[in-house]
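Geometric and topological summary
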Amino acid sequence: MKEYPADEASREEVEIRSSGDVVKARQAVRVLAQQAGLSLVNQTKLVTAASELGRNTLIYGGGGTARAVIVRDVARVGVWVSFSDTGPGIPDIEQALTDGWTSGSGMGLGLSGARRLVDEFELDSAPGAGTTVTVLKWAR
Amino acid sequence: MSDRVPVLKIGDILLVSIQVDLEDQMVLDLQDDLSQQIVATGARGVVIDISALEIVDSFVGRMLATTAAISRVLGAETVVVGMRPAVAMTLVELGLSLGGVRTALNLELGLGYLRRAQDTPPARR
Ligand SMILES: Nc1ncnc2c1ncn2[C@@H]1O[C@H](COP(=O)(O)OP(=O)(O)OP(=O)(O)O)[C@@H](O)[C@H]1O
Ligand SMILES: [Mg+2]
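To keep things clear, this report deals only with the structure shown in the data block.

Definitions and cut-offs
Residues numbered from 1 in each chain as written. Chains lettered and ligands numbered in written order. Predicted model: local features only at pLDDT ≥ 70, side-chain atom pairs only at ≥ 80, totals over all residues. Heavy atoms only, no water. Near = heavy atom within 4 Å. Polar contact = N/O pair within 3.5 Å; in protein donor to acceptor, adjacent residues only side chain to side chain. Pairing = 2+ DSSP bridges. Helix = DSSP H or I, 4+ residues; strand = E, 2+ residues; numbered from the N terminus. Contact = heavy atoms within 4.5 Å. Buried area = accessible area lost by both parts, 1.4 Å probe. Salt bridge = Lys/Arg side-chain N within 4 Å of Asp/Glu carboxyl O. Nonpolar A, V, L, I, M, F, W, Y, C, P; charged D, E, K, R; others polar.

A:Asn56, A:Tyr60, A:Thr102, A:Ser103 and A:Leu109 are the nearest of the 19 residues found near ligand 1. Ligand 1 is flanked by residues contributed from chains A and B. Measuring from an oxygen atom of ligand 1, one finds a backbone N or O atom of A:Gly108 at 2.9 Å. Between ligand 1 and A:Leu111, the relevant distance is 2.9 Å, taken from an oxygen atom to a main-chain nitrogen or oxygen of the residue.

Here's what the structure looks like:
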């Protein structure tokens, strides 16, 4: 994903160790989405994506870190969010991004659905090297 | 941590109004509580009011679908009421259609639906 200038004062970081932390992370994302002026629908989409990704970080990654910051492009403002863990990683990324594919008991909608809900999406993962998912939603 | 969403009994209907941002464990507890309460009270209908919910993700969506299925098996009809428009748009894009979950715009319409469903003898439905 391209790097955009960040509004450093807005930066948020939440350690994800429990499902309560997932709630904290999505609340932090909601606050930034409001500050960045995202429409209500776009706020809802971004926060829902963050909820999916945060749960994956907790369940499959064994916990990790959520980071969020307001970013600016030439004429637009957006919210950048990332979830990182040092868990087992994803062996087959394409499979993991397929609607309905789950290695557990989920519906396999988290990753593929989150990708649809945001404007930019990047998944970095390798077996044994952990997983980082980065998303961005612009205000428009 | 161990907060639970209250389940209210009104006649033969169980009413749940979700007022807080739910942790996953609370979602699972609610599903358990509802199943047990349906059996304990012989309720014929369940109304789940989600008008205060700012998001419904796949976890909560799955709970709604599962609860509707369980309650049907236990002889009660479930109606989910008050979904915000932004939540509905997001759910569909996420890929969750909630097929099999009866929904109504608000509490009044949801209760009306349950009343009519109960007035109709099963044979004619
Ligand atoms: N952070 C992660 N670390 C390791 N594996 C992951 C991670 N995130 C996702 N995965 C893998 O990708 C699969 C697909 O994830 P996705 O979120 O789409 O579905 P799910 O979590 O299984 O179900 P749902 O999110 O619908 O409840 C998971 O089953 C898991 O195997
Ligand atoms: Mg998931």
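After that view, the rundown keeps rolling.
What follows is about the pairing of strand β4 (residues 120–125) of chain A. Residues and elements named next belong to chain A. Direction of pairing for β4 relative to strand β5 (residues 131–138): antiparallel, over a ladder of six bridges. In the sheet register, serine 125 faces β5, and the bridge partner there is threonine 131. Between β4 and β5, which pair antiparallel and follow one another directly, the connecting turn spans five residues, one of which, glycine 128, has a positive phi of 85°.

Interface size, as often reported, equals the accessible area lost upon joining of the parts. Each partner contributes to the interface: chain B provides 20 residues, whereas chain A provides 23 residues. Note on chain B versus chain A: buried area summed over both sides is about 2,000 Å², and carbon and sulfur give 57% of it. Its largest share of buried area at the contact with chain A, chain B owes to B:Ile55, B:Glu93 and B:Leu94, together 29% of the area lost on that side. Across the contact surface, chain B and chain A share six salt bridges. Its salt-bridge partner being B:Asp24, residue A:Arg55 comes within 2.6 Å of it at the nearest N-O pair. Along the contact surface separating chain B from chain A lie 13 residue pairs in polar contact (both at pLDDT 80 or more). Only α1 (24–41), α2 (58–73) and α3 (85–94) of chain B provide two or more residues apiece to the side of chain B that touches chain A. Within the side of chain B that touches chain A, the residues separate by chemical class into nine nonpolar, four polar and seven charged.

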